[in-house]
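# Coordinates in review
In case you want the letters, here they are:
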Amino acid sequence: MASISLYLAIVFSFVSLLFFSSHAQLSTNFYATTCPNLPTIVRGAMTQALNADSRIAASLLRLFFHDCFVNGCDTSILLDDTSTFTGEKNAGLNGNSARGFGVIDTIKSQVEASCAGVVSCADILALAARDGGLGGQSWTVPLGRRDARTASQSAANNQIPGPSSSLSTLVSMFSAKGFTDAEMTVLFGSHTIGQAGCTSFRNRIYNQANIDPEFATTRRANCPSTSGSGDRNLAPLDIQTPTRFDNTYFQNLVAQRGLLNSDQVLFNNGSQDALGRTYSQNNARFLADSAAAMVKMGNLSPASGTQTEIITNRRITN
């Protein structure tokens, strides 16, 4: 009887440990003693990366979103495919468009040189996404995530909203992750920076009626109507201030200048019109709500249990 009790106690303790590790509270001072220079390292590397490529801010923010929306913020999106492992990098909305991996490599290398085996790539990506916030946008980043040892290409193909998504699809996808409609809308405001390829907006600029004619003409100049011609030509998601994080994205929507269908549905005689108009008129409100939603997104189901580790090379598991 005593041996059974001891066995049950051990099992209970093990399960409790797994639960704690998977649901442990993230903390802004998680690395205060183990890697105190982490914020400085990431910020310095991001400054250099932005000086070399202004697009990198949007690329890393997109990478962060695509990572968190698939089984939580665990950097499963960073893992390379191998002969025995299929990751998420080549999923439909990631292949040939996800970028910024080299910046994470650089930061990880610098962090490892300062405090080896301590900081997860998941936390590095969360900080890098924040520190690329052009135009003064910032938010507090709780830390303590761990890195995934697995990935799911099928989940990446099915859980990330695409450029042609309808409003109902967006609401459903974000609701499944615990976001309100308002949080969904403000997170889409991140499209105030970055660019999109012709294939993602060709149908909108040639076939949709809810678009400003002058805007459509401008975009058609660099995106031919014929599939296969200019498919990878880029256009800014925000035609006004494409490298500044501000509320002009919503001003564009009000003027029917949303580049993607999934952008314009947020202001198209639907449930999000009032909030979109509010953000278009109040940049401070947009930035504040955006920061809160970013923190919530960063808390999405952090990778947990025996499926996680602190990887030393973001491309492969240990």
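Residues numbered from 1 in each chain as written. Predicted model: local features only at pLDDT ≥ 70, side-chain atom pairs only at ≥ 80, totals over all residues. Heavy atoms only, no water.

### Considering helix H13 (residues 273–281)
Within H13, the full set of buried residues consists of Asp-273, Leu-275, Gly-276, Tyr-279 and Ser-280. Projection of H13 onto a plane perpendicular to its axis shows the buried side chains occupying an angular sector of 165 degrees, all on one side. Summarising the geometry of H13, the exposed residues directed more than 90 degrees from the buried face are Ala-274 and Gln-281. For H13, the elements touching its buried residues are helix H8 (181–188), helix H11 (248–254) and helix H14 (283–298). (Buried < 20%, exposed > 50% of the residue type's maximum accessible area, 1.4 Å probe, protein only. Helix = DSSP H or I, 4+ residues; strand = E, 2+ residues; numbered from the N terminus. Arc of directions from axis to C-beta. Contact = heavy atoms within 4.5 Å.)

### Here we look at the pattern of salt bridges
The full count for this structure, using the stated rule, is eleven salt bridges. Here Arg-145 makes a salt bridge to Asp-123, at a shortest N to O gap of 2.7 Å. Taken together, the residues Arg-145 in the loop between helix H5 (121–131) and strand E1 (147–148) and Asp-123 in helix H5 connect sequence positions 22 residues apart. Since its relative accessible area comes to 2%, Arg-145 is described here as buried. Across the salt bridge formed by Arg-130 and Asp-131, the nearest N and O atoms sit 2.5 Å from each other. Each member of the pair, Arg-130 together with Asp-131, is buried. Because the salt bridges share partners, they merge into one network encompassing Asp-212, Glu-214 and Arg-257. (Salt bridge = Lys/Arg side-chain N within 4 Å of Asp/Glu carboxyl O.)

### Looking at the environment of Leu-167
Mapping Leu-167 onto the fold places it in helix H7 (residues 167–176). Distance in space between the C-alpha atoms of Leu-167 and Gln-272 is 9.0 Å, their sequence separation being 105 residues. In contact with Leu-167, not counting residues within four places along its chain, are Met-184, Val-265, Leu-266, Ser-271 and Gln-272.

### Points about the side chain of Asn-252
Considering the arrangement of structural elements, one finds Asn-252 in helix H11. Leaving out residues up to four positions away in the same chain, Asn-252 has contacts with Asp-238, Ile-239, Gln-240, Arg-257, Gly-258 and Gln-264.

### Here's the deal with the packing of aromatic side chains
Any aromatic ring pair is given by two values, namely how distant the centres are and how the planes are angled relative to each other. Under the criterion given, the structure shown has twelve aromatic pairs. Summarising the aromatic geometry, the rings of Phe-30 and Tyr-31 are spaced 4.9 Å apart at their centres and angled 85 degrees between planes, so their arrangement reads as edge-to-face. Residue Phe-30 is classed as partly exposed on the basis of its relative accessible area, which comes to 42%. Look at Tyr-31 and you get buried, because its relative accessible area is 3%. Taken together, a centroid distance of 6.1 Å and an interplanar angle of 25 degrees make the contact between Phe-65 and Phe-174 stacked. Pair noted here: Phe-65 is in helix H3 (residues 56–68) and Phe-174 is in helix H7, with a separation of 109 residues, a long-range link. The same class applies to Phe-65 as to Phe-174, namely buried. Three or more aromatic residues joined by ring pairs make a cluster, and in this case those are Phe-65, Phe-69, Phe-174, Phe-179 and Phe-188. (Phe/Tyr/Trp six-rings, centres within 6.5 Å; stacked < 30°, edge-to-face > 60°.)

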